[in-house]
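Observations on the three-dimensional arrangement
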Amino acid sequence: MIPAASPALQPGPVGTGTRDVPGWKRLWREAVRDPCELLALLGLEGRVPGLSDAAAAQFPLRVPRGFVARMRPGDPHDPLLRQVLPLDEEMRPVPGFSLDAVGDAAARAGHGVIHKYEGRALLVATGSCAVHCRYCFRRHFPYAEETAAAGGWHEAVAAIRADDSIHEVILSGGDPLSLATPKLDELTGLLRALPQLRRLRIHTRLPVVLPERVDDEFGHWLRSLPWPVAVVVHANHAREFDDAVDAAMARLRDAGATVLNQAVLLRGVNDSIDALAALSERSFAAGVLPYYLHQLDRVAGAAHFEVSDARALELHAALVARLSGYLVPKLVREVAGDASKRAL
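Residues numbered from 1 in each chain as written. Predicted model: local features only at pLDDT ≥ 70, side-chain atom pairs only at ≥ 80, totals over all residues. Heavy atoms only, no water.

Points about a nonpolar patch on the surface
Convention followed: Distance thresholds for patches are 9 Å for like charges and 5 Å for nonpolar side chains (Val, Leu, Ile, Met, Phe, Trp, Tyr), applied to residues having over 30% relative accessible area and no salt bridge. For the area figures, the Shrake-Rupley method with a 1.4 Å probe applies, and any residue is considered shielded solely by the protein chains shown. Only one rule defines a salt bridge in this text: a Lys or Arg side-chain nitrogen within 4 Å of an Asp or Glu carboxyl oxygen. Numbering of helices and strands runs from the N terminus; a helix is a DSSP stretch of H or I covering at least four residues, while a strand is a stretch of E covering at least two.
Together, Phe-284, Leu-289 and Tyr-326 give the surface a local cluster of nonpolar side chains, amounting to about 290 Å² of exposed area. Checked against the element boundaries, Phe-284 lands in helix α11 (residues 273-285).

Put into structure tokens, the structure is as follows:
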């Protein structure tokens, strides 16, 4: 499970002065954390079978209220709700589903540094995230021991400096935008000293689930960076976009970022041609180019989301037939030890 991050890594402490905290930090603190409260907000008390206290104890519920507002009241099968609600199915052991589904441990290259692919290194910037997605491939990751921010980023940056083949740094987590902007600026200040770096990539779900995070301070930081920046956001369903998300995506583009979307193919969420086509069209309408459609990483607790390869290929072929090529994401799977994502 994702442990609580240290106070230095979180946006700040929760307290009685929450209402006095401005912007995204206040909204972060007001996230729904109780499954029963979530169901009550949607008028679903007692109407969702299999709600699991054990699953919530292993991997706590967390979802911003703005994301809850995009869920359909009274619908126990809502695709946004399904992504966050802890269910008994998570506690059922399934062969082939493991704690480290994508081989992160074997690719460790330094404290909080994962080096799987040629020319790219991933920094696990934090274990915190604004939303806890039940299919998260790092839901069992040992963040307490493997966060790049420990020690002021120095060990992580030193590991990248020692390998001049690394030309691109990927900020991941958790979610790197969980960190306050001055903390991100501290990191990129150290990365500026690495002459081999050509690009920066940021993997984040916050512009979708907490779009207020993309504020003026963040935009100023993004504009100040010396490298081309790609921001890879994560939306799985067209209804994850609304006016606030559109505005956040526009602010990212205005700050000079190339914005891409990666989705996960999830049973009961987006495993239909209509859902996938709507996602591609809606993300492009928000100025976000479809990038990857991932087959599920086989992490323990997520088996109930799995879609067969045969069905995935059928859906992807239907997307190719229906949409313009630039709206069709690549259908891929991450396989531990492979030199790149594996196309299906």
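Once the structure has been displayed, the description carries forward.
Considerations on the pairing of strand β4 (residues 168-172)
The test is simple: For each residue, the accessible area found with a 1.4 Å probe, counting protein chains only, is set against the maximum for its type, and the residue is called buried under 20%, exposed over 50%, and partly exposed in between. Assignment of crossover handedness uses the view with strands pointing away from the viewer, where a clockwise path from the first strand over the helix to the second indicates a right-handed crossover. Here, any two strands with at least 2 DSSP bridges between them count as paired.
By the criterion of burial, β4 is predominantly enclosed, with five of the five residues buried. The two faces of β4 match: Glu-168, Ile-170 and Ser-172 on one face and Val-169 and Leu-171 on the other face are all buried. In this fold, the crossover linking strand β3 (residues 120-124) to β4 by way of helix α6 (residues 154-161) has right-handed handedness. Two elements, β4 and strand β5 (residues 199-204), share four bridges in a ladder whose sense is parallel.

Quick look at the nonpolar core
The cut-off we apply is this: Put simply, a nonpolar core is a bunch of buried Ala, Val, Leu, Ile, Met, Phe, Trp, Tyr and Cys residues held in one set by side-chain atoms that sit within 4.5 Å of each other. In what follows, a contact means two residues having at least one pair of non-hydrogen atoms within 4.5 Å.
Counting 93 residues, the largest nonpolar core has Leu-38, Val-63, Met-71, Leu-222 and Met-249 as its most contacted members. Not counting residues within four places of it along the chain, the set of residues in contact with Met-249 comprises Pro-207, Val-208, Val-233, Phe-241, Val-259, Ala-286 and Val-288. Membership of the second largest hydrophobic core comes to seven residues, among which are Ala-107, Ile-114, Leu-122 and Ile-170.

Considering the packing of aromatic side chains
The geometry of an aromatic ring pair is captured by two quantities: the separation of the ring centres and the angle between the planes. Worth spelling out the cut-off: Ring pairs shown here join Phe, Tyr and Trp side chains whose ring centres sit within 6.5 Å, with only the six-membered ring taken for Trp; geometry is labelled stacked below 30 degrees between planes, edge-to-face above 60, and tilted in between.
According to the stated counting rule, one finds five aromatic pairs in the structure shown. Ring geometry for Trp-24 and Trp-28: centres 6.3 Å apart, planes at 85°, overall edge-to-face. With Trp-24 and Trp-28 both in helix α1 (residues 23-29) and four residues apart, this pair spans about one turn of that helix. What makes Trp-24 buried here is its relative accessible area of 5%.

Observations regarding the sheet that holds strand β6 (residues 229-233)
The condition is simple: Convention adopted: a line fitted to C-alpha atoms gives each axis, helices being fitted over their contacting stretch, and angles between N-to-C directions are expressed from 0 to 180 degrees.
Strands sit in the order β1-β2-β3-β4-β5-β6-β7-β8-β9-β10 across an open sheet of ten strands; the sheet is mixed. Taken across any chain shown, the strands that pair with only one partner, and hence form the sheet edges, are β1 (108-110) and β10 (342-343). Bridge count for strand β8 (residues 289-294) against strand β9 (residues 330-333) is three bridges, and the pairing is parallel. For His-294, the partnering residue across the bridge sits in β9 and is Val-332. Docked against the sheet, α6 engages β1, β2 (113-114), β3 and β4, running at close to 105° with respect to β1.

Points about the pairing of β9
Assessed by its sense of winding, the connection that carries the chain from β8 through helix α12 (residues 309-322) to β9 is right-handed. In terms of strand pairing, β9 meets β10 through two bridges, oriented antiparallel. Directly across from Arg-333, in β10, lies its bridge partner Arg-342.

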